[in-house]
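Now for the letters of each chain:
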Amino acid sequence: SEWASNISNEEYTMIKNTALLILVFTTATFVSAAERTFEKVLQVDSDVRFALDSHKGKIKIRTSAGDTVDIKARIYSDEHSAEELDKLKIVVGHASGTVSVDVDYDAWREGFGGLLSGRNNMPYVDFDILIPDGASLDVETHKSDFDIHAPAGEVELETHKGNGSIVGVRSDIEIETHKGNVDVEVLEMGDIK
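Residue positions within a chain follow its written sequence, with the count starting from 1. Given that this is a predicted model, residues contribute local features only at a pLDDT of at least 70 and side-chain atom pairs are listed and counted only at 80 or more, while totals for whole chains, interfaces and linings are drawn from all residues. Water and hydrogen atoms play no part in the side-chain values, which are based on all heavy atoms of the structure.

(A) View of the nonpolar core. Among buried residues, those of type Ala, Val, Leu, Ile, Met, Phe, Trp, Tyr and Cys that are joined through side-chain atoms within 4.5 Å constitute a nonpolar core. Exposure is judged per residue with a 1.4 Å probe applied to protein chains only, and the accessible area is read against the type maximum: over 50% gives exposed, under 20% gives buried, and values in between give partly exposed. Among the nonpolar cores identified, the biggest contains 36 residues, and Phe 50, Ile 90 and Phe 127 are the most heavily contacted of them. Contacts are assigned to residue pairs with any non-hydrogen atoms lying within 4.5 Å of each other. Excluding residues within four positions of it along the chain, Phe 50 makes contact with Val 69, Val 99, Val 101, Ile 129, Ile 131, Ser 136, Leu 137 and Asp 138.

Set out below in C-alpha cells:
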C-alpha cells in the first residue's frame, strides 16, 4: 500500500519486531493467568478423620456444626499453561468415617526433559476447607502457609518450610516442622508433642 511504500526497511523491521514483542508479552500474560478450581462436598460422620496432603499454596481449614466436608481449591501457576495444570489432580478418598485429600502432580509424565528443564515445579493449590467440629485432623504439607481452626478431635501437622497458625486446640496435638514457624493456641490441654 501507499503507507508501506513511504517507510524505510529499518522502520518496517522495527514495527514488525514491536508487534512480535507485543504478541510474546500477551502470550506470556495468558500463560501466567493459568488457573482452575475444584469443589467437592461430602456427607460424613461428625467424628470423621480428615487428612490433607498438599505441596505448596495456602491452606485454610475451619469447622462447622454440620456433617459435611466442603473442599474448595484454586489451582494456579505463573509458569504453567492450562494444559499443564490439568496434570495436577486432587484425589479424594471418602468413607463415612474418613476423608483423604491428596495433591498428585506427576513430574515424571514429562519424562527426563521435564525434569532437566526445571518445568517439573508443582503448581500452587490454595485450599479452603470446612470440616465438622467433632472431626480429627491430619495435615501434611510442603511449602504451604496455613490457617487452621482446630476441630475438637486430635490434630496432627507435619510441615516442611511452611508457616502458619493452629487456633482453638481442644485435644491432643502433634506437630513436626522443618524450617517453619507454627503459632498454636490451646483452649483445652491434651497431650502435646
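(B) The side chain of Ser 136, seen in detail. Where helices and strands are cited, they refer to DSSP runs of H or I of at least four residues and of E of at least two residues respectively, numbered from the N terminus. Structurally, Ser 136 can be placed in strand 8 (residues 136-142). A polar atom in the side chain of Ser 136 sits 3.1 Å from the side chain of Arg 49. Setting aside anything within four residues of it in sequence, one finds Ser 136 in contact with Val 48, Arg 49, Phe 50, Pro 151, Gly 153 and Glu 154. Polar contact criterion, stated in full: a pair of N or O atoms within 3.5 Å, where within protein one must be able to donate a hydrogen and the other to accept it, and residues adjacent in sequence count only if both atoms are side-chain atoms.

(C) Region of the structure containing the pattern of salt bridges. In what follows, salt bridge is the name for a side-chain nitrogen of Lys or Arg lying within 4 Å of a carboxyl oxygen of Asp or Glu. Here the structure, examined in full by the defined rule, presents eight salt bridges. For Asp 86, the salt bridge goes to Arg 36, with nearest N and O atoms at 3.6 Å. With Asp 86 in the loop between helix 3 (82-85) and strand 5 (88-95) and Arg 36 in strand 1 (residues 35-43), the pair connects residues that are 50 residues apart, well separated along the chain. By relative accessible area, Arg 36 is classed as partly exposed at 24%. Where Arg 170 meets Asp 133, a salt bridge forms, and the shortest distance between an N and an O atom there is 2.8 Å. Of the two residues, Arg 170 sits in the loop between strand 11 (163-169) and strand 12 (173-178) while Asp 133 sits in the loop between strand 7 (124-132) and strand 8, which places them 37 residues apart along the sequence. Under the relative-accessibility criterion, Arg 170 is labelled partly exposed at 25%.

(D) Structural context of a nonpolar patch on the surface. Residues Val 184, Val 186, Met 189 and Ile 192 make up a contiguous nonpolar surface patch of about 380 Å² in total accessible area. Considering the arrangement of structural elements, one finds Met 189 in the segment after strand 13 (182-186). Like-charged residues are merged into a patch within 9 Å and nonpolar side chains (Val, Leu, Ile, Met, Phe, Trp, Tyr) within 5 Å, provided each residue has over 30% relative accessible area and no salt bridge. Methods summary: accessible areas were calculated by the Shrake-Rupley approach with a probe of 1.4 Å, and residue burial reflects only the protein chains presented.

(E) Seen up close, the pairing of strand 7. Here a strand pair is declared whenever DSSP counts at least two bridges between the two strands. Looking at chain direction, strand 3 (residues 57-64) and strand 7 are connected through six bridges and run parallel. From the neighbouring strand, Thr 63 faces strand 7, where its bridge partner is Ile 131. With seven bridges connecting them, strand 4 (residues 68-76) and strand 7 associate as antiparallel partners. Of the residues in strand 7, the one forming a bridge with Tyr 76 is Tyr 124.

(F) Examining the sheet that holds strand 9 (residues 144-149) more closely. Pairing is mixed across the open sheet formed by seven strands, whose spatial order is 1-4-7-3-9-11-13. Each end of this open sheet is capped by a strand with a single partner; those strands are strand 1 and strand 13. Shown here is a sheet whose adjacent strand axes are inclined to one another by a mean of 10°, direction ignored. One ladder, built from nine bridges, connects strand 1 with strand 4; its direction is antiparallel. Note on geometry: axes are C-alpha line fits, over the in-contact stretch for helices, and angles between N-to-C directions span 0 to 180 degrees.

(G) Main features of the packing of aromatic side chains. For Phe, Tyr and Trp, rings pair up if their centres lie within 6.5 Å, where Trp contributes its six-membered ring, and each pair is then called stacked (planes under 30 degrees apart), edge-to-face (over 60) or tilted (otherwise). As enumerated under the stated definition, the model contains one aromatic pair in all. Taking the centre distance of 5.5 Å and the plane angle of 15° together, the rings of Tyr 76 and Tyr 124 count as stacked. A residue pair is termed long-range when its members are at least 10 positions apart, and Tyr 76 in strand 4 and Tyr 124 in strand 7 qualify at 48 residues. Given a relative accessible area of 18%, Tyr 76 falls into the buried group. Judged by its relative accessible area of 32%, Tyr 124 falls in the partly exposed class. In this structure, Lys 56 is placed above the aromatic ring of Tyr 124, and the distance from its NZ or CZ to the ring centre is 4.7 Å. Whether a charge sits over a ring comes down to the Lys NZ or Arg CZ being within 6 Å of the ring centre and within 35 degrees of the ring normal. The residue whose ring lies beneath Arg 74 is Tyr 76, and the NZ or CZ to ring-centre distance is 3.8 Å.

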